[in-house]
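# Structure at a glance
Chain by chain, the residues:
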Amino acid sequence: MLDDGWPADRIDTASPHSARIYDYILGGKDYYPADREAGDALCREWPALPVHMRANRDFMHRAVRHLAAEAGIRQFLDIGTGIPTSPNLHEIAQEVAPDSRVVYVDNDPIVLTLSQGLLKSSPEGRTAYIEADMRDPAAILTAPALRETLDLSQPIALTVIAIVHFVLDEDDAYGIVRKLLEPLPPGSCLAMSVGTADFAPDEVGRVAEEYAARDMPMRLRTHAEAAEFFTGLDLVAPGLTQVHKWRPDATCEGIRDEDIAMYGAIGRKP
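Residues numbered from 1 in each chain as written. Predicted model: local features only at pLDDT ≥ 70, side-chain atom pairs only at ≥ 80, totals over all residues. Heavy atoms only, no water.

## Some points on the overall build of the chain
Short version of the rule: A run of DSSP states H or I qualifies as a helix once it reaches four residues; a run of E qualifies as a strand once it reaches two. Both are numbered from the N-terminal end. Radius of gyration: over C-alpha atoms. The globule rule applied is 2.2 Å multiplied by the number of residues raised to the 0.38 power. Here's how the labels work: a residue is buried when its accessible area is under 20% of the maximum for its type, exposed when over 50%, partly exposed in between, all with a 1.4 Å probe on protein chains only. For the accessible areas, the method is Shrake-Rupley and the probe is 1.4 Å, while residue cover comes only from the protein chains on display. For the purpose of counting charges, residues Lys and Arg are taken to be positive, whereas Asp and Glu are taken to be negative. His and the chain ends are not included. Positions of charges follow a simple convention, taking NZ of Lys, CZ of Arg, CG of Asp or CD of Glu.
Helix and strand counts for the chain stand at 10 helices and 8 strands. The C-alpha radius of gyration computed for the chain amounts to 17 Å, which stays within 12% of the reference 18 Å derived for 270 residues, consistent with globular compactness. Evaluated residue by residue, the chain yields a buried proportion of 54% over its 270 residues. Taken as a whole, the chain presents about 11,600 Å² of accessible surface, with 50% of it coming from carbon and sulfur. Mean positive and mean negative side-chain charge positions of the chain (26 and 43 charges, respectively) differ by 3 Å.

Take a look at the structure:
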């Protein structure tokens, strides 16, 4: 039994998990030997993987700052939250606007056990956590925590960062995102990063094979396929581009295109 009362046997420590691999590669501490072995194998196939993962996280930071500071968004629904690593989304948003409200969603029990790091809101704002699978949008949208935290009559930013490449075609990633966007009012935004093999096909292809060998199959998408997620939305400049090219700052200096396998964009719901 873990300290928060959740049974430890809910966490499969013998098999690697994508969120824990991400945490390991980024220098975190919430992973198990299986995650370390997988992360090492992935980095052998593509040594740029840590650069790619850091660039994706930095994109999330810039996107959230834009949404809070420039777009005036005060509500966020974050799908596929992953291991809490400070600064978390709510810390970025509440630094700009202390009254920001954030609902985090993930289906990994270890994220739940660590969720206190996601719930330390500013006094003016609020955060909540929902344990749910993004492949079941209805469970997310009807969760009491969502309705108690967010006002669906006011704009909401839906953030789907580095997760849809684990949603296969048979699970209808496009349909999932559309269902999550559907009840959100005009002025709401979608911020996404989408995995691709457009820039380093051999290396990223081998990474995908390593994930699949560990029962984590991936669906990497072309620029056109990534753009389909934003159909009907107004793209914020500079549009859909590699994440290190989306409103770059000092964290993006010196990054090579071939070291990034993720497209990123923000679209606004008219």
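## Observations regarding the environment of Lys269
Put simply, the rule reads: In what follows, residue pairs with any heavy atoms lying within 4.5 Å of each other are defined as contacts. Whenever two N or O atoms come within 3.5 Å, that pair is a polar contact, provided that in protein one can donate a hydrogen and the other can accept it, and provided that, for residues adjacent in sequence, both atoms are side-chain atoms.
In this structure, Lys269 sits in the segment after strand E8 (262–268). Its relative accessible area of 18% is what places Lys269 among the buried residues. Once the C-alpha coordinates of Lys269 and Pro186 are considered, the two residues, 83 residues apart in sequence, prove to be 5.3 Å apart. Beyond its immediate sequence surroundings of up to four residues, Lys269 is in contact with Leu181, Glu182, Leu184, Pro185, Pro186, Gly187, Ser188 and Leu233. A distance of 2.8 Å separates a polar atom in the side chain of Lys269 from the backbone oxygen of Leu181. From its side chain, Lys269 meets the backbone oxygen of Glu182 in a polar contact 3.1 Å long.

## Remarks on the pattern of salt bridges
Inclusion rule: The term salt bridge refers to a pairing of a side-chain nitrogen on Lys or Arg with a carboxyl oxygen on Asp or Glu at a separation within 4 Å.
For the structure on display, the rule yields 15 salt bridges. Of the charged contacts in the structure, one is a salt bridge between Arg20 and Asp35, with a shortest N-O distance of 2.7 Å. Taken as a pair, Arg20 in helix H1 (residues 18–25) and Asp35 in helix H2 (residues 33–45) lie far apart in primary sequence, 15 residues in all. Pair check on accessibility: Arg20 and Asp35 agree, each one buried. Two residues, Arg214 and Glu210, come together in a salt bridge whose shortest N-O distance is 2.5 Å. Of the two residues, Arg214 and Glu210, neither departs from the other in class, the shared state being buried.

## Some points on the pairing of strand E2 (residues 101–106)
Our working definition: Strands pair, by our definition, only if DSSP identifies at least two bridges between them. Crossovers are marked right-handed if the path from the first strand over the helix to the second runs clockwise, as seen with the strands pointing away from the viewer.
Taking burial as the measure, the 6 residues of E2 include 5 buried ones, the bulk of the element. Alignment of strand E1 (residues 75–79) against E2, held across 5 bridges, turns out to be parallel. In the sheet register, Phe76 faces E2, and the bridge partner there is Val102. You can see the chain leave E1, run along helix H4 (residues 89–96) and come back into E2, and the turn it takes is right-handed. As defined by bridge partners, E2 adjoins strand E3 (residues 126–131) across 6 bridges and the pair is classed as parallel. Of the residues in E3, the one forming a bridge with Val105 is Ile130.

## Topic: the nonpolar core
Formally: What we call a nonpolar core is a set of buried Ala, Val, Leu, Ile, Met, Phe, Trp, Tyr and Cys residues that are connected through their side-chain atoms within 4.5 Å.
In this structure, Leu77, Ile79, Leu158, Val160, Leu190, Met192 and Phe229 are the most contacted members of the largest nonpolar core, which totals 54 residues. A per-element tally of this core places helix H8 (residues 173–181) first, with 6 residues. Ignoring anything within four residues of it in the chain, the contact list for Phe229 reads Val164, Ala173, Tyr174, Val177, Leu190, Met192, Val194 and Arg221.

## Structural notes on unusual backbone geometry
Generally, phi is negative for residues other than glycine and the peptide bonds are trans, each holding for most cases. The residue after Ser86, namely Pro87, is reached through a cis peptide bond having omega 0°. Here Pro87 lies in the loop between E1 and H4. The amide bond that connects Ala237 to the next residue, Pro238, takes the cis arrangement and shows omega of 15°. With respect to the element layout, Pro238 can be found in the loop between strand E6 (234–235) and strand E7 (241–242).

## Some remarks on the packing of aromatic side chains
Rules: A pair of aromatic rings is counted whenever rings of Phe, Tyr or Trp (Trp by its six-membered ring) have centres within 6.5 Å, and the orientation is called stacked for planes under 30 degrees apart, edge-to-face for over 60 and tilted otherwise.
One pass over the full model with this rule turns up 5 aromatic pairs. Summarising the aromatic geometry, the rings of Tyr24 and Tyr31 are spaced 4.8 Å apart at their centres and angled 65° between planes, so their arrangement reads as edge-to-face. A residue is classified by how much of its surface remains accessible, and Tyr31, at 26% relative accessible area, is partly exposed. Geometrically, the ring pair formed by Tyr174 and Phe229 is tilted, given 4.4 Å between the ring centres and 40° between the ring planes.

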